[in-house]
Amino acid sequence: MSRTHRPLTLVAATALAGTALLWAGFGGAVVSASAHDSLASATPGDGDSITADPGSVVLGFTDELLVQPGGTTDGFAVQIVDSEGLHYESGCVSLDGSSVAAPIALGDAGGYQVLWQVVSSDGHPTSGQYSFDYEPTSLEGAHDGLTNAPTCGAPWAGEPDGGAPAVATPSDAAAAPTEAAATDAPAADEAPATLQATETAGPVSGELQQAGAMLPWPVIVLIVLVGLGAIAAIVVLTLRRSRGGGFGGS
């Protein structure tokens, strides 16, 4: 191979290798960012209009959620708030594989928002929110919401006189709110006063559209620019060495 062709071959090989490395790093970052579990189903679902209080909210995710040491529900929370920001959840959640359930006791007719936070199977917390409408045929028995999010075991909308609320499970999602105090309620986990949703759920009346999580665009652009700059530097260095006879040969 002559000196004339060797630099071009080295430049092409260097550029190809650099592009492969850049793609591997960029693709790996995107895959890592998309690893969080997504909301796959919910009852009630996003945009649903219900006429009866279901007694609980049940959320299903794309993979089995991470159970904390000791079986606690640290890092998990489900909140139900109305248009005035009043809370209608018990503060307790129960886990069953890829499902999370939380007791609720709705108040007046109107729009309600579900805010959730779980620990994904990859060990990272993820959260989201969606809304549904409540249009009961009668307001008899409507519950009063709380200004602040209750902790598990404390009085809440469904237990105004105190006592630990019963913990709903995914199998009894459609059951009416129970008045009996649970004897095996999860350990008291204080939910944040306001959950900050990082993921907005798509329609959840049936199966959810899966929203792929990606790195922010500024970070992606920075990764691409750094990679292209490194490739350009390698190409320039290769050309300079070839012109100075640094590669040897005749």
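Residues numbered from 1 in each chain as written. Predicted model: local features only at pLDDT ≥ 70, side-chain atom pairs only at ≥ 80, totals over all residues. Heavy atoms only, no water.

A few words now on the overall build of the chain. A count of helical and extended segments in the chain gives two helices and nine strands. The helix and strand sequence of the chain, counted from the amino end, reads α-β-β-β-β-β-β-β-β-β-α. Evaluated residue by residue, the chain yields a buried proportion of 37% over its 250 residues. At a minimum sequence separation of 6, the contacts of the chain that also span at least 24 residues come to 71%. Surface accessibility of the chain: about 13100 Å² in total, with carbon and sulfur atoms responsible for 57%. (Helix = DSSP H or I, 4+ residues; strand = E, 2+ residues; numbered from the N terminus. Buried < 20%, exposed > 50% of the residue type's maximum accessible area, 1.4 Å probe, protein only. Contact = heavy atoms within 4.5 Å. Areas by Shrake-Rupley, 256 points an atom, 1.4 Å probe, with all protein chains shown as cover.)

Turning next to the sheet that holds strand 6 (residues 99-103). Whether parallel or antiparallel, the strands of a sheet pair through hydrogen bonds between backbone atoms. Across the sheet, which stays open at both edges, the four strands sit in the order 1-3-6-5 with antiparallel pairing between neighbours. Bordering the open sheet on either side are strand 1 (39-43) and strand 5 (94-96), each of which pairs with just one other strand. Going across the sheet, the axis of each strand differs from the next one's by a mean of 20°, ignoring polarity. Where strand 3 (residues 56-61) meets strand 6, five bridges bridge the pair, whose relative direction is antiparallel. Within strand 6, the position partnered with Val 57 by the bridge is Ala 102. (Pairing = 2+ DSSP bridges. Axes fitted to C-alpha atoms, helices over the stretch in contact; angles between N-to-C directions.)

Quick look at the state of the cysteines now. Within this structure, the stated rule accounts for one disulfide. Cys 92 shares a disulfide with Cys 152; S-S distance 1.8 Å. Disulfide Cys 92-Cys 152: the torsion about the S-S bond is 90°, which places it as right-handed. On the criterion of sequence distance, the pair formed by Cys 92 in the loop between strand 4 (77-82) and strand 5 and Cys 152 in the loop between strand 8 (125-134) and strand 9 (199-200) is long-range, its members being 60 residues apart. (Disulfide = S-S within 2.5 Å.)

With that settled, the discussion passes to the packing of aromatic side chains. Inspection of the entire model under this criterion finds four aromatic pairs. Aromatic pair Tyr 88 and Tyr 112: ring centres 5.4 Å apart, planes at 80°, arrangement edge-to-face. With Tyr 88 in the loop between strand 4 and strand 5 and Tyr 112 in strand 7 (residues 110-119), this residue pair connects regions lying 24 residues apart in the sequence. With a relative accessible area of 4%, Tyr 88 lands in the buried category. Grouping aromatic residues by their ring pairs yields a cluster made of Tyr 88, Tyr 112, Phe 132 and Tyr 134. (Phe/Tyr/Trp six-rings, centres within 6.5 Å; stacked < 30°, edge-to-face > 60°.)

For the rest of this paragraph, the subject is the confidence of the model for the chain. Per-chain confidence: the chain averages 72 in pLDDT, with 58% of residues scoring 70 or above. A low-confidence stretch, residues 161-167 stays under pLDDT 50, and its non-local contacts, those more than four residues away or across chains, total 25 contacts. This stretch, residues 171-191, has a pLDDT under 50; its non-local contacts, to residues over four places away or in other chains, come to 41 contacts. (pLDDT = per-residue confidence, 0-100.)

Attention now moves to the pairing of strand 7. Relative to strand 7, strand 4 runs antiparallel, the two being bridged by six bridges. Considered in strand 7, the bridge of Ile 80 is made with Val 114. Taken together, the 10 bridges between strand 7 and strand 8 define a ladder with antiparallel strand orientation. When the sheet's bridge partners are listed, Leu 115 is paired in strand 8 with Gln 129. Following strand 7, the chain reverses through five residues before pairing antiparallel with strand 8; Gly 123 in that reversal takes a positive phi of roughly 90°.

Counting residues in hydrophobic clusters, the biggest one holds 27 residues, and the most contacted among them are Leu 59, Val 78 and Ile 80. Elements supplying a minimum of two residues to this core: strand 1, strand 3, strand 4, strand 6, strand 7 and strand 8. Top element by residues in this core is strand 7. It accounts for five residues. Not counting the four nearest positions on each side in its chain, Leu 59 is found in contact with Leu 39, Ser 41, Ala 42, Val 78, Ser 98, Ser 99, Val 100, Trp 116 and Tyr 130. (Core = buried A, V, L, I, M, F, W, Y, C linked by side-chain atoms within 4.5 Å.)

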